[in-house]
Amino acid sequence: MSKIIPLLLIAAILIQCKPSTQDKEKTTERGLIGQSAMVVSAREEASEVGLAILKKGGNAFDAMVATDLSLLVSFPFAGNIGGGGFMVYRLANGECGAIDYREKAPFAASHDMYLDEQGNVIPGKSTLGAMAIGVPGTIAGLFAVHEKLGSLPMKDLIQPAIDLATNGVVVTEKQANRLNHYRHLFSQANKRTILLDKEWTAGDTIRYPELAETLTRIRDHGKDEFYKGKTAQLLVDYVQQLGGIITMDDLAAYEAKWRTPITFTYNGNKIISMPPPSSGGICLAQILKSIEPFNISQYGQNSVQYIQLLTEAERRAYADRAHFLGDPDFVDIPTDSLIDPAYLNQRMADFSWEKASRSTDISHGELNAYESNETTHYSIVDSMGNAVSVTTTLNGAYGSKVYVAGAGFFLNNEMDDFSSKPGTPNMFGLVGAEANAIAPEKRMLSSMTPTIVEQGGKLKMVVGTPGGSTIITSVAQNILNVLDYDMGMQESVSQPRFHHQWLPDDVRFEPGFDTLVFAPLRDLGYNIDQSNSPIIGKVDAVLLLPDGSLEGGADPRGDDKAAGF
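Residues numbered from 1 in each chain as written. Predicted model: local features only at pLDDT ≥ 70, side-chain atom pairs only at ≥ 80, totals over all residues. Heavy atoms only, no water.

## Notes on the overall build of the protein
Alright, step 1. What the protein contains, in helices and strands, is 18 helices and 19 strands.
Alright, step 2. For 565 residues, the compact-globule formula gives about 24 Å, and the C-alpha radius of gyration of the protein, at 23 Å, lands near that figure.
Alright, step 3. Each of the three principal axes of the protein carries a C-alpha extent, and together these read 70 × 60 × 50 Å.
Alright, step 4. A buried classification covers 62% of the 565 residues belonging to the protein.
Alright, step 5. Counting only carbon and sulfur atoms, one obtains 51% of the accessible surface of the protein, whose full area is about 20200 Å².
Alright, step 6. The averaged location of the 67 negative side-chain charges in the protein is 2 Å from the averaged location of its 48 positive side-chain charges. (Helix = DSSP H or I, 4+ residues; strand = E, 2+ residues; numbered from the N terminus. Rg over C-alpha atoms; globule rule 2.2 N^0.38 Å. Buried < 20%, exposed > 50% of the residue type's maximum accessible area, 1.4 Å probe, protein only. Areas by Shrake-Rupley, 256 points an atom, 1.4 Å probe, with all protein chains shown as cover. Lys, Arg positive; Asp, Glu negative; His and termini not counted. Charge placed at Lys NZ, Arg CZ, Asp CG, Glu CD.)

Now the structure itself:
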């Protein structure tokens, strides 16, 4: 009997490593199907607002503005006007682009601003309170997108969020848990906020009268209201009362930037993703192109070999991220070299199926040329075939926890995404180098990875996720699920996920993962960690089906919802 048990275990692992015919024939989980348009976001209210704009004749960019501002009201955990983000788009004619409205360091920021006299990082200074705040970019980004690509009047796109703030949002169970969990930090960072008024329960309604007034001012006076008007003054006065350094000059100087997306091919499919200061596009390209020669589809999805191959590609990509990447307006980034197949083949040359690499033995590559669990993502495709992929954030949950008195919104803690001290991990465990050191007006490095996939020259998928350092690997796994394992969108986003980021040298698994793979992975030398990853990403995505209809994949890990017609 003692010999039978190990044999049964080996048989089970071998079965897991190769998808069976029965698996391929099983009924797949399907998301919402729409014939013309689709919006998938973190809250039903926001998805429905975006869809209503599309039904009125607005395009994907109009829906982006309305969805984004509705997330500000319904999902203050990450939806924001006090933070920033990235958007990648593809027009129906195939033209693509990207906009960067990432936060910036204030003029008074300095290289060592979070270090004590001994040169050590001061705990909490870059994550909680007024000193953690970067100059917000969301309003500048939304207005820039609308000016270039929108079609409906801006006031019509802002009004739904005003109505939501005025009438109130019903609290879900997950939202109540989050609000109550962070109440003690709200009280540490603020004089008071309406969110401190009580212990919240599912079914409560929260109304935001100050936020409604702020949005009304922005509706009536435009972008300058946020950066130069009464809202700007309320923000600056409150931050400075709390000991922060943001000034009116910081806000007045902020501009969003149009950037050229990172584009590359994977098995003949075109991937369009975000360039620096997001690390997402480059790291995604490195991971997918590193595994491309191995034909990963021959191994079962989430099998031992699949996990091993992806982990080793991720290990090397994150090592390069830590050394080379930062704000392209401040540092030279060797983008072409980093995603060159010859370079990536050389990086994978010491990979062995027989044992795990050790992160202590893996540094950045040698070249001839020189983020948050609490983010949110939404994906939109309109009836004309335009697509937008947007990831926006306050960084940590409710950002710095600073809630602007008189204006009714949270401010970010994005300053933690800089390398406060090169080589010292940030709140997500990510290590950075001098390329991501703090400097005035510099944008901090991000992991946000809004992405669009083309197949045969046509739109195939719009995808992205929150998740801090796990964003890149979650997006990669969903691309593989669809392209290599022929999954539908809902089936894909519901799959259990894993993550590796070079340092710490652990492979993190969600609790729902098939534990049969753990023993052989440990035998190969991989460190398995299930202790701190109840959720890896909350992917919201849209898939174009062969008949031309759209499938929305809304992540069941949150309150996420697809809306389509």
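## Re the UniProt feature "active site" (unreviewed entry) in the protein
Alright, step 1. Mapped onto the present numbering, the UniProt feature "active site" (unreviewed entry) falls at T375.
Alright, step 2. Beyond its immediate chain neighbours, meaning those up to four positions away, T375 contacts A78, T391, T392, T393, N395, M448, P466, G467 and I471. (UniProt positions renumbered as here; feature names shortened; annotations may be inferred. Contact = heavy atoms within 4.5 Å.)

## What to know about the environment of S290
Alright, step 1. Counting through the fold element by element, S290 comes out in helix α12 (residues 280-291).
Alright, step 2. Given a relative accessible area of 5%, S290 falls into the buried group.
Alright, step 3. Considering only alpha carbons, one finds S290 and L142, 148 residues apart in sequence, at a separation of 35 Å.
Alright, step 4. Excluding anything up to four places from it in sequence, S290 contacts A285, A313, L344 and M348.
Alright, step 5. Of note is the side chain of S290, whose polar atom sits 2.6 Å from the backbone oxygen of Q286. (Polar contact = N/O pair within 3.5 Å; in protein donor to acceptor, adjacent residues only side chain to side chain.)

## Considering the packing of aromatic side chains
Alright, step 1. For the structure on display, the rule yields 23 aromatic pairs.
Alright, step 2. Between F61 and Y89 the ring centres are 5.6 Å apart and the planes differ by 85 degrees, which places this aromatic pair in the edge-to-face class. Of this pair, F61 sits in helix α4 (residues 60-74) while Y89 sits in strand β3 (residues 84-90), and the two are 28 residues apart along the sequence. Per residue, the accessibility class of F61 equals that of Y89, and both read buried.
Alright, step 3. The interplanar angle of 80 degrees and the centroid separation of 6.3 Å between the aromatic rings of F294 and W353 together place this pair among those described as edge-to-face. (Phe/Tyr/Trp six-rings, centres within 6.5 Å; stacked < 30°, edge-to-face > 60°.)

## Description of the UniProt feature "binding site: L-glutamate" (unreviewed entry) in the protein
Alright, step 1. The UniProt feature table records "binding site: L-glutamate" (unreviewed entry) at R102, T393, L394, N395, D417, S446, S447 and G468. Those annotated residues that line the largest cavity are L394.
Alright, step 2. By the element assignment, N395 lies in the loop between β11 (387-393) and β12 (451-455).
Alright, step 3. At 3.1 Å, the side chain of N395 forms a polar contact with the backbone oxygen of N413. (1 Å grid on protein atoms, 1.4 Å probe; cavity = no way out; pocket = protein on both sides within 12 Å on 5 of 7 lines; lining within 4 Å.)

## What about the side chain of S420?
Alright, step 1. For S420, the position within the fold is in the loop between β11 and β12.
Alright, step 2. If we skip the residues at most four places from it in the chain, S420 touches H111, Y114, L115, V121, S126 and I438.

## Regarding the state of the cysteines
Alright, step 1. If you walk through the whole model with that rule in mind, you get zero disulfides.
Alright, step 2. As a non-bridged cysteine, C96 has C283 as the owner of its nearest cysteine sulfur, 20 Å distant. (Disulfide = S-S within 2.5 Å.)

## Points about the environment of Q455
Alright, step 1. For Q455, the location among the structural elements is in strand β12.
Alright, step 2. If near-sequence neighbours (up to four positions away) are discounted, Q455 is found in contact with N269, K460 and L483.

## Digging into the sheet that holds strand β4 (residues 96-101)
Alright, step 1. Here we have seven strands laid out as an open sheet, ordered β7-β4-β3-β11-β10-β2-β19, and antiparallel in their pairing. Each having just a single partner strand, β7 (257-259) and β19 (561-564) make up the two edges of the open sheet. Going across the sheet, the axis of each strand differs from the next one's by a mean of 15 degrees, ignoring polarity.
Alright, step 2. Here helix α3 (residues 44-55) sits on the sheet in contact with β2 (38-41), β10 (375-381) and β19, set at roughly 160 degrees to β2. (Pairing = 2+ DSSP bridges. Axes fitted to C-alpha atoms, helices over the stretch in contact; angles between N-to-C directions.)

## Side note on unusual backbone geometry
Alright, step 1. P276 connects to P277 through a cis peptide bond whose omega is 15 degrees.
Alright, step 2. Along the chain, P277 turns up in the loop between β9 (269-273) and α12.
Alright, step 3. Following L503, the chain continues into P504 via a peptide bond in cis, with omega recorded as -5 degrees.
Alright, step 4. Inspection of the secondary structure puts P504 in the loop between β14 (498-499) and β15 (507-509).
Alright, step 5. At N267, a residue that is not glycine, the phi angle is positive and equals roughly 50 degrees.
Alright, step 6. Residue position: N267 is located in the loop between β8 (262-266) and β9.

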